[in-house]
Amino acid sequence: MHMVVLTKGVPDFREGQVSFNEEGHLERGKTPTVMNPNDQFALDAALQTRVQHGGKISVMSMGPPGYKEVLQEAMESAYADDLYLISDREMAAADTWATAITLSSAIETLGVPDLVFAGFKTADGETGHTGPQTNWCLDMPLLTHVISLDVDEEAGKVRAKRLVEGDIEEIETVEASLPAFIVTDPEFEPSYRTARQRLTLKDLRAETQERAANFEEYLTVWDHTDINVDPDFIGLDGSPTIVSSVDPIPKAPAEREATMVNPGDVESMSEVLEVMQSASGESAAAAGGADDD
């Protein structure tokens, strides 16, 4: 089994330092970046499949050189065997369509795997387009909102449970032929049913810590010539999306007023207790008033 997991770096909104240029495009090279949280579920699904069936996991991302650290984070999460960063200036300011063309070309260059995994959506764009659009370019069966899956290697099938239109109250079971493209839902939960699987997971965890510390030994960086794509179809030139405006992200105050209290100062601690009791009483009174209404 060969699996490819797509991941992306997103702005670390906790930092409040998101940089945009005059055209409204995110300047990723100047913005603190972390791995997209939803991609963790795609990594979990790939890892479960590897533990159950063997094979290898390749993690791939398109972005600036700083995304190397994002791939390192993904390697630690999924115990990946190798990493691929698709990066050059021709790919800058790509929308989801241009990104899909780039990623699908890179996957074809790598060799179409048995399974491709992608997260539901990213924390910055939140369109949920990149996975399905990449799949459209690859022309694979597509399973979305997947919450659990099993692979039948002998039959060349993948069976999955998925949320119907993202509704957690309605679940259906579907089947597709391999190779297939899986978009995991945040409700996805990996399953390790046997002692052998749990031991395999433990061994992989120990093995990968050393490998992730030297992740660049397992990293391949490709530009647009390596994946044989025309610059007119990628990056800003290949992006039909037009950004009309960008709302600034407010940054939390750097300093907040606080009063330092020594736990050994009985008088000061008594004052803190009085304030807490007063606030608790006000909350109870407000709750009582709401019940009366």
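One can find the structure itself at the top, above this paragraph.
All values reported here derive from a predicted model rather than from experimental measurement. (Residues numbered from 1 in each chain as written. Predicted model: local features only at pLDDT ≥ 70, side-chain atom pairs only at ≥ 80, totals over all residues. Heavy atoms only, no water.)

Caption draft 1: Main features of the side chain of Ser105. Looking at where Ser105 falls in the secondary structure, it is placed in helix 3 (residues 96-110). Looking at Ser105, its side chain comes within polar contact range of the main-chain oxygen of Ile101, at 2.8 Å. With sequence-adjacent residues up to four places away left out, Ser105 is seen in contact with Ile227 and Val229. (Helix = DSSP H or I, 4+ residues; strand = E, 2+ residues; numbered from the N terminus. Polar contact = N/O pair within 3.5 Å; in protein donor to acceptor, adjacent residues only side chain to side chain. Contact = heavy atoms within 4.5 Å.)

Caption draft 2: Expanded view of the pattern of salt bridges. Inspection of the entire model under this criterion finds eight salt bridges. Of the charged contacts in the structure, one is a salt bridge between Lys56 and Asp82, with a shortest N-O distance of 3.4 Å. Pair noted here: Lys56 is in strand 4 (residues 56-62) and Asp82 is in strand 5 (residues 82-86), with a separation of 26 residues, a long-range link. Exposure remark for Lys56: the relative accessible area of 33% places this residue in the partly exposed category. A relative accessible area of 12% means that Asp82 is categorised as buried. Taking the shortest distance from any N to any O, the salt bridge between Glu172 and Arg162 comes out at 2.7 Å. Of the two residues, Glu172 sits in strand 9 (residues 167-177) while Arg162 sits in strand 8 (residues 157-164), which places them 10 residues apart along the sequence. (Salt bridge = Lys/Arg side-chain N within 4 Å of Asp/Glu carboxyl O. Buried < 20%, exposed > 50% of the residue type's maximum accessible area, 1.4 Å probe, protein only.)

Caption draft 3: Broad picture of helix 1 (residues 39-53). For helix 1, spanning 15 residues, the distance from its first C-alpha to its last is 21 Å, which sits close to the expected 21 Å at 1.5 Å a residue. Along helix 1, the positions that sit buried rather than exposed are Asp39, Ala42, Leu43, Asp44, Ala45, Ala46, Leu47, Gln48, Thr49, Arg50, Val51 and Gln52. Looking one or two residues beyond helix 1, the residue adopting positive phi is Gly54, at roughly 80°. (Expected span 1.5 Å × (residues − 1).)

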